[in-house]
Amino acid sequence: VATSGSPWPLPRNMTTSQVQYQVNADDFKFTVDAGTPACDIIIQAFVRYKWITFGPRSDTLKFRRRPNKANAVNQLTVHYDKPCDQYLSLESDESYTLAVTGNTATLTANEVWGALRGLETFSQLVLPQGSGMFVINSTLIRDAPRFKHRGVLLDGSRHFLSVLKLKENLEAMAQNKFNVFHWHIVDDQAFPYESIRFPNMSKLGAYDDNHIYSQADIQDIIEFARVRGIRVVPEFDSPGHTQSWGSAISNLLTKCYNNGSFDGSYGPVNPADESSYNFLDSFFGEVANVFPDHYIHLGGDEVDFSCWESNPEITEFMQDKGFGKNYSLLEEFYMQNLLNIVSSYKKGYLIWQEVIDNGAKVAADTVVEVWKGGYIAELAKVTSLGYKTLLSSCWYLDYISYGSDWRNYYTCDPQNFNGTSAQKALVIGGETCLWGEYVDDTNVISRLWPRASAIAERLWSDESVNSVSAAEGRMEEHRCRMVRRGFNAQPMNGPGFCPVEFP
Ligand SMILES: CC(=O)N[C@H]1NC[C@H](CO)[C@H](O)[C@@H]1O
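Residues numbered from 1 in each chain as written. Predicted model: local features only at pLDDT ≥ 70, side-chain atom pairs only at ≥ 80, totals over all residues. Heavy atoms only, no water.

**Quick word on the packing of aromatic side chains**
In the structure shown here, the tally under the stated rule is 38 aromatic pairs. Pairing F28 with F30 gives two aromatic rings, centres 5.0 Å apart and planes at 65 degrees, and the pair type is edge-to-face. Here F28 and F30 have matching classes, each one buried. An angle of 85 degrees between the planes, with centres 5.7 Å apart, marks the rings of F191 and W245 as edge-to-face. In this pair, F191 is assigned in the loop between β9 (180–184) and α4 (200–205) and W245 in the loop between β10 (231–235) and β11 (253–258), connecting sequence segments 54 residues apart. Residue F191 is classed as buried on the basis of its relative accessible area, which comes to 0%. The buried category is assigned to W245, whose relative accessible area is 0%. Through a chain of ring-to-ring contacts, the aromatic side chains of F191, Y193, F198, F236, W245, F279, F283, F284 and F291 assemble into a single cluster. In this structure, K177 is placed above the aromatic ring of W460, and the distance from its NZ or CZ to the ring centre is 5.7 Å. Taking NZ or CZ as reference, R458 lies 4.7 Å from the ring centre of Y410, over its face. (Phe/Tyr/Trp six-rings, centres within 6.5 Å; stacked < 30°, edge-to-face > 60°. Buried < 20%, exposed > 50% of the residue type's maximum accessible area, 1.4 Å probe, protein only. Helix = DSSP H or I, 4+ residues; strand = E, 2+ residues; numbered from the N terminus. Lys NZ or Arg CZ within 6 Å of the ring centre and 35° of its normal.)

Shown next as structure tokens:
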């Protein structure tokens, strides 16, 4: 069933003609040209995209007719200049040029990452005709992302997400050109990260010993993401959201007091106790080794001061420090110590906006993630302070509603604020967040996709590509393509059907 073959996200520059070529699926070759340094990333991508593009070989299907080879496209030749990097980074170049003319197709990029993005685009241009035949229109595409940081946050704590589901999501991300997996791996409710130095944190803090990410699981996810050009940025949120840390690390959390005595409950990490920083130094020293990305997300969101206010030891500490009753100064003191610890391991960090809202001074290369309401003013404020900034506020997909909610996500723009071009340039992209309070293996894929695809196009395509009516048909086509490829991508535009609905 021919479809328009308009790739999603929409490429920056694309010219296509009605001239159509058959594609010789069975014998199709993906190859690098002589001057291109092959590597595991491109070799594995060729294997994946042979399957993604064509599915099973015709000798496993009864009716695939063999195309007339004379004018069939039977090869995609890939060229990139630079030897492969091991890992994608914020500095990587994902641009590419894709040309399909006559019975050859060429894909040219500066780095292997652009070749990955171009392979996905190519796979979307090849149109299944049914009965195992495929066609492609003559096309020239020059493409590059608008933003370098295009992320998806998943929460492995509120509900555990299996390694299998995390991989399925990483594959869906790659097919939407997302390039950062923000792994919110622990929180108040559970600590599934199996620490090398502090194994009791998951032994005592995980839901149970099945709901654990072992070190092998973590390296498995990092490698699965790496070969798809996806960065894995772990988040270990503190000083709040740390209830699950307390059972293994005694004295780490603040004791809460009531009428002058400990009431049995605990609050945020205790910033007045030197032992807290000794633990954090050792723990983040481990994290810095386990996760290869330059950045670690340190959280800093939603710190409730009431427990700190109730604790006499902290009251005394505040007086010693001259903080008086201003607990934002205590939070700043904690965050600055933590940021210095992480910097000592030569890592960069991302933080939620409250750290800046509460006045903390942070390192120049800090990335601030804006997630609360009033984001237009917040983007202007944070960029005026000179920080790299991410927008998440519009894209909390854990909030659900009836109808085509993708339209709201599609029209939210990370540079829609009053600021200089320098400030706009500090916006490096955004993230969609699917928090886990009501999400687990049973619904993570259908709740995220294709709603997240609207955000993928916002973060990849040109700012001018923002008409919902122009995107509606393409969104439906993209959803059906994801369903055909085996993802439970839910209906987005009311009644209808997909040509292939039973993945
Ligand atoms: C930065 C942030 O979003 N913090 C919390 N805010 C509400 C979310 C649910 O929508 C999660 O509970 C999350 O942990």
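Next comes the rest of the account.
**Focus: the site of the ligand**
Taken together, R158, H241, D301, E302, W352, W371, Y396, D398, Y399, W435 and E437 make up the full set of residues adjacent to the ligand. Residue Y396 places a side-chain N or O atom 2.7 Å away from an oxygen atom belonging to the ligand. Taking E437, its side chain carries an N or O atom lying 2.6 Å from an oxygen atom of the ligand. In isolation the ligand offers 360 Å² of accessible surface; the protein chains occlude 91% of this area. The residue makeup of the shell around the ligand, split by class, is five nonpolar, one polar and five charged. (Near = heavy atom within 4 Å. Polar contact = N/O pair within 3.5 Å; in protein donor to acceptor, adjacent residues only side chain to side chain. Areas by Shrake-Rupley, 256 points an atom, 1.4 Å probe, with all protein chains shown as cover. Nonpolar A, V, L, I, M, F, W, Y, C, P; charged D, E, K, R; others polar.)

**Describing the state of the cysteines**
In total, this model carries four disulfides according to the counting rule given. A sulfur-sulfur distance of 2.0 Å marks the disulfide that ties C39 to C84. A torsion of -75 degrees about the S-S bond marks the disulfide between C39 and C84 as left-handed. A residue pair is termed long-range when its members are at least 10 positions apart, and C39 in the loop between β2 (29–32) and α1 (40–54) and C84 in the loop between β3 (75–80) and β4 (96–101) qualify at 45 residues. Note that C394 is cross-linked by a disulfide to C412, the S-S spacing being 1.9 Å. Residue C394 is found in the loop between β16 (388–391) and α12 (406–411), and its partner C412 is found in the loop between α12 and α13 (421–425); the two are separated by 18 residues along the sequence. Judged by its relative accessible area of 17%, C394 is buried. Sequence-ordered numbering of the bonded cysteines in the protein gives a disulfide pattern of 1-2, 3-4, 5-6, 7-8. The closest cysteine sulfur to the non-disulfide-bonded C433 is located on C394, 11 Å from its own sulfur. (Disulfide = S-S within 2.5 Å.)

**Comments concerning helix α5 (residues 215–226)**
For α5, built from twelve residues, the straight-helix expectation of 16 Å at 1.5 Å per residue is met to within 8% by its first-to-last C-alpha distance of 16 Å. All of the buried residues along α5 are Q215, I218, I221, I222, F224, A225 and R226. Check the buried side of α5 and you find it contacts α1, α2 (112–125), α3 (163–174), β9, β10 and α6 (274–290). (Expected span 1.5 Å × (residues − 1). Contact = heavy atoms within 4.5 Å.)

**Quick word on the pattern of salt bridges**
Following the criterion strictly, the structure yields 23 salt bridges and no others. Note that K82 and E111 form a salt bridge whose closest N and O atoms lie 2.9 Å from each other. With a gap of 29 residues between them, K82 in the loop between β3 and β4 and E111 in the loop between β5 (104–109) and α2 connect regions that are remote in the sequence. In this structure K82 comes out as partly exposed when scored by relative accessible area, which is 38%. Among the ionic contacts, a cluster of salt bridges with common partners joins D155, R158, D187 and E437. (Salt bridge = Lys/Arg side-chain N within 4 Å of Asp/Glu carboxyl O.)

**A short note on unusual backbone geometry**
That bond from W8 to P9 is cis: its omega, 0 degrees, falls within 30 degrees of zero. With respect to the helices and strands, the residue P9 is situated in the segment before β1 (13–23). The linkage connecting W449 with the following residue, P450, adopts the cis geometry, with an omega of 0 degrees. The backbone of H241 sits at a positive phi, close to 55 degrees, despite the residue not being glycine. Among the structural elements, H241 can be located in the loop between β10 and β11. Its relative accessible area of 10% is what places H241 among the buried residues. Look at E302: it is not a glycine, yet its phi comes out positive at around 50 degrees. Tracing the backbone through its elements, the reader meets E302 in the loop between β13 (295–297) and α7 (306–310).

**Digging into the side chain of E378**
Within the element layout of this structure, E378 appears in helix α11 (residues 375–384). A relative accessible area of 10% places E378 in the buried class. Setting aside residues no more than four positions away along its own chain, E378 makes contact with Q353, D357 and V370.

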